[in-house]
Amino acid sequence: MTDHDVVDPEIVEQDGQPSAEGPTGEAAAGEAAREASLVRADEVLPPQLTILPLSNRPLFPGLVVPLVYEGEEMAQVLRDLAEHHERYIGLVLVRDENAPYEPKNLYEVGVVARVAKAVEIQNHGLHLVVECIRRFRIERFLTSQNPIRVVARYRPETSYEDNVELRAYTVAIINTIKELLKHNPLYEEELRMFASRFNVEEPNRLADFAASLTTASREDLQDILETYPIFDRLKKVITLLNRELNVSKVQTRIRENIDERVSEQQRRFFLQEQLREIQRELGLNEDPREKEIASFRERAGKLKFSDEAGRAFEEELNKLATLDTSSPEYAVSRNYLDWLTSLPWGRTCRERYNLKVAARSLNKHHSGLEDVKDRILEFIAVGARKKQVGGSIILFVGPPGVGKTSLGRAIADALARPFYRFSVGGMRDEAEIKGHRRTYIGAMPGKIVQALKRVGVANPVIMIDEVDKIGTDFRGDPASALLEVLDPEQNSDFMDHYLDVRFDLSKVLFLLTANQLDTVPEPLLDRAEIIRLPGYISSEKVEIGRRHLWPHQLKEHGLMAGDVTITKAAMLHLVEDYAREPGVRKLEHLIKKILRKVARHLVDGEETRKPVRIGVHNLEEYVGKPRFREEGIKQGVGLCTGLAWTALGGTTLTLEATVAHRDRRGLKLTGQLGKVMQESAEIAYSYITANLERFGASAGFYDDAFVHMHVPEGAVPKDGPSAGITMATALLSLALDRAPARIAMTGELTLTGDVLAIGGEREKLLAARRMGIDEVILPAANKVDVDELPQSVRDGLTIHYAKHYRDVARLMFGIRMKPLRRRKQDSRGDD
């Protein structure tokens, strides 16, 4: 059911055909006017009416309006009225549009109307044109079902005397309508229709007409319909007109503001600007701030905030709602909410604890390192029993190029967790870890929060590289900041300075890497499980080169397996004579160098045979002369080979000692030795000079000898206590004038001749194997550590253990240490 503007009545049609007895609209209007002027309305209008409901707004006397009723039920009611020649109906507003059509849902006051035209159109409902005549009040209901019939009581309009107050109200209404015409020209046509049918100075007609012009609510209009006293009705109508005038003025102002802003280049956006301005004035426009607030709420609805984070979110969101979008503080608040809602609160990925899959993943990424893989599989097995591997810290220690980072990726792949890596090498600002406070310009969260945002889950694998190279200065101590991140007892309440709310890191698996432990902060070592990756032996590096590096680099250089091949002997030659470092990074660079030259030869057409075969005979054409020569152990008087550990792995050092002159006694050390190594040389010198006679040498050999001891590669700094027995052997070789046996050694020496334990035994043994040494001397205290090494490391080596230096002298020179003559009983006993 809809109401439309006032229209002129047309020829009445029934069921789409002209009515035989229907007068024209003008005749109907004249007839109604004559009836109202010649006889009393109560004598013309029927005492009983059939009620038709109105849903949108009530109608007023004097109006001619179209109505539309949909549904067969209302159409049947109108047909019945036509059969009984009833031309008058009652139009009453319903109280609730959604409630059933029944007597209790009807207002008590309505308007009686004459049906001027009725047309039933198929599938479009029943169309009526009615002329509203007079108010009526429902006395009682004759029926309660549709069609509802009532007894109507009409209240005729009284005559009005021309007085000042009534004229003032009438003039006020007319002037307000004139003001409305300035803002809305559509009212002009309706006013012309009203003036042609009624006297504009009739206050009752004028009041009803003015009320019908407004867009007031249905309740306000019904109130005016039920108001019979003319003065009260005029007051209410003026109120509605003034409200309508204010709305029209706002609309006019909006239109004028838009007209001022729209230029030649903006005309195409005129309609869009007008709509936006109207929405802004009415408070309906969703500005960018509201969109962002709604977006943040939508994102927060998918998260499981902690209580603290939930409160911080609501406080910051309320703050954002009060800020202007052009304010700098708005951007700060928005960025904070963006970070807060980007973290994976309560969101975790499903983990996998299948040891077979984990072993397959580790073997896919690495050849060798069987002991390291076993440690990792044991770690995953414990996590499978606990259903939790978070909160653990694993520290991989080893030289560059041994696969620490790729091993971390393999662990993440085995657990089906996302992987994130960042380096702290050279980091000096603790804000890189824990974030900046929001008071600073350009403040950001720390690396940990950034990692969590990137991976999108609360249980990732996070690798922190180069923890042995972390720095410290006036901006803070990043190593200390890492303690809160890594400590399982603290990281469940980790607080980033930027977010200023606690986040649970207990489900994160942290992996650390370092090249050496000496510079790793002690508190970090206490919290980490250390896994050493000392390096690869030659056979392992050959397999890594053939199975992993060569196929990968073929793909990287756009070559196929059929374009170029390399023999196993050539790969071994690369490993032993070009890339002796513990890792495989240098080997990978050499493979790249080979493939670059092959690719160039193929493009230039110099190589026509396929595949290009790389063997030992032509390897120098691609990588040049070997960097290392097969030297083994240098033998001679005053020469001795020691084993040393460096951050890049194990290596061999040949110590040289000679008597420079016999003008005076003395000891000179060269080779850029550290303080500890200098002290080891002095201890070895003192021990040998004090025990020369017991080893069968001249007791006064060093009384007037100036000894010069040198460790080659003087540009490389060297330090550590493990060269003690090597230096003592070189000095004893001078005194005996005999070359020592072809054995490498390592061990710390005391003034009493005891050989103390050393570290890095695996790296040192691997260095011996790379140099082709097959016999070594280690401290007896290191036997337990050597027994735990993989058999692949010990294969091909004869390991001797020395508890006292006399054991070293027996192996190197074949002599037995004599007992002291000053004592009747030697506390140590003879061999």
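Shown above is the structure to which this text applies.
Residues numbered from 1 in each chain as written. Predicted model: local features only at pLDDT ≥ 70, side-chain atom pairs only at ≥ 80, totals over all residues. Heavy atoms only, no water.

Draft legend 1. Geometry of the sheet that holds strand β15 (residues 529-532). Spatial ordering of the open sheet is given by β10-β11-β14-β9-β15, a layout of five strands whose pairing is parallel. The two strands at the open ends of the sheet, each matched to only one other strand, are β10 (419-423) and β15. Adjacent strand axes in the sheet meet at a mean angle of 20 degrees when their direction is disregarded. With five bridges connecting them, β10 and strand β11 (residues 461-465) associate as parallel partners. Of the residues in β11, the one forming a bridge with Ser423 is Asp465. Against the sheet, helix α14 (residues 370-386) engages β9 (393-397), β14 (509-514) and β15, with an angle of about 150 degrees to β15. Across the sheet, helix α17 (residues 447-455) is in contact with β10, β11 and β14; its angle to β10 comes to roughly 155 degrees. (Pairing = 2+ DSSP bridges. Helix = DSSP H or I, 4+ residues; strand = E, 2+ residues; numbered from the N terminus. Axes fitted to C-alpha atoms, helices over the stretch in contact; angles between N-to-C directions. Contact = heavy atoms within 4.5 Å.)

Draft legend 2. Molecular detail of the packing of helix α13 (residues 355-365) against α14. Two elements in contact, α13 and α14, have axes separated by 10 Å at closest approach and are oriented at 150 degrees. The angle between α13 and α14 places the two elements in the roughly antiparallel class. Like other packed secondary-structure pairs, α13 and α14 cross with a definite hand, here right-handed. From α13, Leu355, Ala358, Ala359, Leu362 and Asn363 reach across to α14, where they touch Lys373, Ile376, Leu377, Ile380 and Ala381. Split into classes, the residues belonging to the contact of α13 with α14 amount to eight nonpolar, one polar and one charged. (Parallel < 35°, antiparallel > 145°, perpendicular 65-115°, else oblique. Left-handed = near helix turned anticlockwise from the far one by under 90°. Nonpolar A, V, L, I, M, F, W, Y, C, P; charged D, E, K, R; others polar.)

Draft legend 3. How the structure looks around the side chain of Arg218. For Arg218, the location among the structural elements is in helix α7 (residues 218-225). At a separation of 3.0 Å, a polar atom in the side chain of Arg218 contacts the main-chain carbonyl oxygen of Ser55. Looking at Arg218, its side chain comes within polar contact range of the main-chain oxygen of Arg95, at 3.2 Å. Residues in contact with Arg218, not counting those within four places in the same chain, are Leu54, Ser55, Asn56, Arg57, Pro58, Leu93, Val94, Arg95 and Glu97. (Polar contact = N/O pair within 3.5 Å; in protein donor to acceptor, adjacent residues only side chain to side chain.)

Draft legend 4. The arrangement of the nonpolar core in detail. With 62 residues, the main nonpolar core has Leu52, Leu91, Leu128, Val130, Phe136 and Ile173 as its most contacted residues. Not counting residues up to four positions away in its chain, the partners in contact with Ile173 are Leu206, Ala210, Leu234, Val237, Ile238 and Leu241. In this structure, Ala300, Leu317, Phe503 and Leu517 belong to the second largest nonpolar core, which totals 60 residues. (Core = buried A, V, L, I, M, F, W, Y, C linked by side-chain atoms within 4.5 Å. Buried < 20%, exposed > 50% of the residue type's maximum accessible area, 1.4 Å probe, protein only.)

Draft legend 5. Expanded view of the packing of helix α10 (residues 288-301) against helix α12 (residues 328-340). Closest axis-to-axis distance for the α10/α12 pair is 11 Å, and the angle between their directions is 20 degrees. Put simply, α10 runs roughly parallel to α12. In the crossing of α10 with α12, the sense of the turn from one axis to the other is left-handed. Residues Arg289, Glu292, Phe296 and Arg299 of α10 touch α12, and the partners they reach there are Tyr330, Arg334, Leu337 and Asp338. For the contact of α10 with α12, the residue count by class is three nonpolar, no polar and five charged.

Draft legend 6. How the structure looks around α12. With 13 residues, α12 should reach 18 Å at 1.5 Å per residue; the first-to-last C-alpha distance of 19 Å fits that figure. Three or more residues of α12 are buried, namely Tyr330, Ser333, Tyr336, Leu337, Trp339 and Leu340. Turning to α12, the residues buried within the fold contact α10, α11 (307-322) and α17. (Expected span 1.5 Å × (residues − 1).)

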